[in-house]
Amino acid sequence: QVQLVESGGGLVQPGGSLRLSCAASGSIFSISIMGWYRQAPGRERELVATLTRGGFINYADSVKGRFTISRDDRFNTLYLQMNSLKPEDTSLYYCNARQGAVTNWGKGTLVTVSS
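Residues numbered from 1 in each chain as written. Predicted model: local features only at pLDDT ≥ 70, side-chain atom pairs only at ≥ 80, totals over all residues. Heavy atoms only, no water.

**Student:** What is the right way to read the pattern of salt bridges from this model?
**Tutor:** A side chain with one charge can pair with a side chain of the opposite charge if their charged atoms come near. All chains considered together, the criterion is met by five salt bridges. With a shortest N-O distance of 3.1 Å, Asp61 and Lys64 are connected by a salt bridge. Overall, the relative accessible area of 48% leaves Lys64 in the partly exposed class. Residue Asp73 pairs with Arg71 through a salt bridge whose shortest N-O separation is 3.2 Å. The exposure class of Arg71 is partly exposed, given its relative accessible area of 34%. The network of salt bridges with common partners includes Arg38, Glu46, Arg66 and Asp89. (Salt bridge = Lys/Arg side-chain N within 4 Å of Asp/Glu carboxyl O. Buried < 20%, exposed > 50% of the residue type's maximum accessible area, 1.4 Å probe, protein only.)

**Student:** Whenever I open this one, the sheet that holds strand β8 (residues 77-82) confuses me. Can you help?
**Tutor:** Sheet strands pair via backbone hydrogen bonds, and the direction of the pair is either parallel or antiparallel. Pairing in this open sheet of four strands is antiparallel, and the strands run β1-β3-β8-β7 from one edge to the other. Edge positions in the open sheet fall to β1 (2-7) and β7 (67-72), since each of these has one partner strand only. Direction aside, neighbouring strands of the sheet carry axes that sit 20 degrees apart on average. Pairing of β1 with strand β3 (residues 18-26), which is carried by six bridges, proceeds in the antiparallel orientation. Within β3, the position partnered with Ser7 by the bridge is Ser21. (Pairing = 2+ DSSP bridges. Helix = DSSP H or I, 4+ residues; strand = E, 2+ residues; numbered from the N terminus. Axes fitted to C-alpha atoms, helices over the stretch in contact; angles between N-to-C directions.)

**Student:** Looking at this structure, I do not really get the pairing of strand β5 (residues 46-52). What am I missing?
**Tutor:** Taken residue by residue, a regular strand's side chains alternate between the two faces of the sheet. Where strand β4 (residues 33-39) meets β5, six bridges bridge the pair, whose relative direction is antiparallel. By the bridge assignment, Trp36 is partnered in β5 with Ala49. Direction of pairing for β5 relative to strand β6 (residues 57-59): antiparallel, over a ladder of three bridges. Across the sheet, Leu51 pairs through a bridge with Ile57, a residue of β6. In this structure, the hairpin formed by β5 and β6 is closed by a connection of four residues, where Gly55 is found at a positive phi of approximately 100 degrees.

Below you can see the structure in the form of structure tokens.
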């Protein structure tokens, strides 16, 4: 199993930037894909970005050109650089790691975009 701990959320003004981190531990060798998802109040959880072990990246249309997903294998950490933030990006952001049929989730980090 994989344990995931997100950090880096906070309050930021529209147009600002934040970088989220997700520290992974446990059976990380078996992870095939990692990603970021978000869930706003009253809405379903939605995909933000994913990164496969082979380096293939997928972004939601709503964040393309503004967000960048990356990883540092030395520290078993996944990142999400978020630029040009908008109020509609306000959500609880979750890290996700898949091991075959098993999906692991972190507890989330809150991002609030407001003036």
